[in-house]
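Commentary on secondary and tertiary structure
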Amino acid sequence: MIEASKLRAGMTFETADGKLIKVLEASHHKPGKGNTVMRMKLRDVRTGSTFDTTFRPEEKFEQAIIETRPAQYLYQMDGTAYFMDTENYEQYEIPVANVEQELLYILENAEVKIQFYGTEVIGVTVPTTVELTVTETQPSIKGATVTGSGKPATLETGLVVNVPDFIEAGQKLVINTQEGTYVSRA
């Protein structure tokens, strides 16, 4: 059992009614009057729906034991993403709705980690940084510096990030997958 005050982003717990919930954001909130509460943004792992809620800090939940296995992203077809375990070559099918955000950071044949709750496949973990190619952006400005306000760039997976003015289409960039931001040129 884990108290609500100890829940952090990325942790997964099970509710009394059997739902598997992943914490997206968690913060303490002390209103001017009354007791401290935990404000949380949560996602139902099985349905993919997100919602905001509050808990008393002393409320307890059953922490879910999540195992990860190395895998390779194969392809996406008819609303399903296909992955292959790199150790035993077993294939897994995950609905695209459950891994929509993760697919913005991975290309076919990319190495990922598949998350399991018991024998149930519940999600995918991507590396902290990935290299993606710019497919579309405004033309670069001669003499532009890194400190400029930047411009939007569309990457090969469809992800749109804000990049410095000197970035051009066709360049490979390093992208932080935790925040969805530009890090550097590759």
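The rules behind each value
- Residues numbered from 1 in each chain as written.
- Predicted model: local features only at pLDDT ≥ 70, side-chain atom pairs only at ≥ 80, totals over all residues.
- Heavy atoms only, no water.
- Pairing = 2+ DSSP bridges.
- Helix = DSSP H or I, 4+ residues; strand = E, 2+ residues; numbered from the N terminus.
- Domains from an automatic or database assignment.
- Contact = heavy atoms within 4.5 Å.
- Buried area = accessible area lost by both parts, 1.4 Å probe.
- Salt bridge = Lys/Arg side-chain N within 4 Å of Asp/Glu carboxyl O.
- Buried < 20%, exposed > 50% of the residue type's maximum accessible area, 1.4 Å probe, protein only.
- UniProt positions renumbered as here; feature names shortened; annotations may be inferred.

Turning our eyes to something else, we now look at the pairing of strand 11 (residues 120-125). Direction of pairing for strand 10 (residues 111-117) relative to strand 11: antiparallel, over a ladder of 5 bridges. Note on strand 11: the bridge partner recorded for Gln115 is Gly123. Hairpin connection, strand 10 to strand 11: the antiparallel pair is bridged by 2 residues, and Gly118 has positive phi, about 70°.

With that settled, the discussion passes to the domain arrangement of the protein chain. What the domain assignment reports for the protein chain is domain 1 (2-63), domain 2 (66-125) and domain 3 (129-185). When each unit is reduced to the centre of its C-alpha atoms, the spacing between domain 2 and domain 3 is 26 Å. Listed by partner, the interface residues are 5 residues for domain 2 and 10 residues for domain 3. Taking both partners together, domain 2 and domain 3 bury about 590 Å²; carbon and sulfur atoms supply 71% of that area. Its largest share of buried area at the contact with domain 3, domain 2 owes to Leu104, Tyr105 and Leu107, together 95% of the area lost on that side. At the surface where domain 2 touches domain 3, the tally comes to 0 salt bridges.

Counted according to the given criterion, the structure contains 4 salt bridges. Across the pair Asp85 and Arg69 runs a salt bridge, and its minimum N-O distance is 2.6 Å. On the criterion of sequence distance, the pair formed by Asp85 in strand 8 (residues 80-85) and Arg69 in strand 7 (residues 67-77) is long-range, its members being 16 residues apart. Overall, the relative accessible area of 28% leaves Arg69 in the partly exposed class. Salt bridges here are not isolated pairs; linked through shared partners, they connect Arg69, Asp85 and Glu87.

Cross-referencing UniProt, the feature "domain: Translation elongation factor P/YeiP central" (unreviewed entry) maps to residues 68-122 in the present numbering. In residues 68-122, the share of helix is 7% and the share of strand is 56%. The end C-alpha atoms are 10 Å apart.

To continue, consider unusual backbone geometry. For Asp78, which is not glycine, the phi dihedral falls at a positive 50°. Along the polypeptide, Asp78 turns up in the loop between strand 7 and strand 8. By relative accessible area, which is 74% here, Asp78 ends up exposed. Phi angles above zero are rare outside glycine, and Tyr89 is one such case at about 60°. Within the secondary structure, Tyr89 sits in the loop between strand 8 and strand 9 (91-95). Residue Tyr89 is classed as exposed on the basis of its relative accessible area of 59%.

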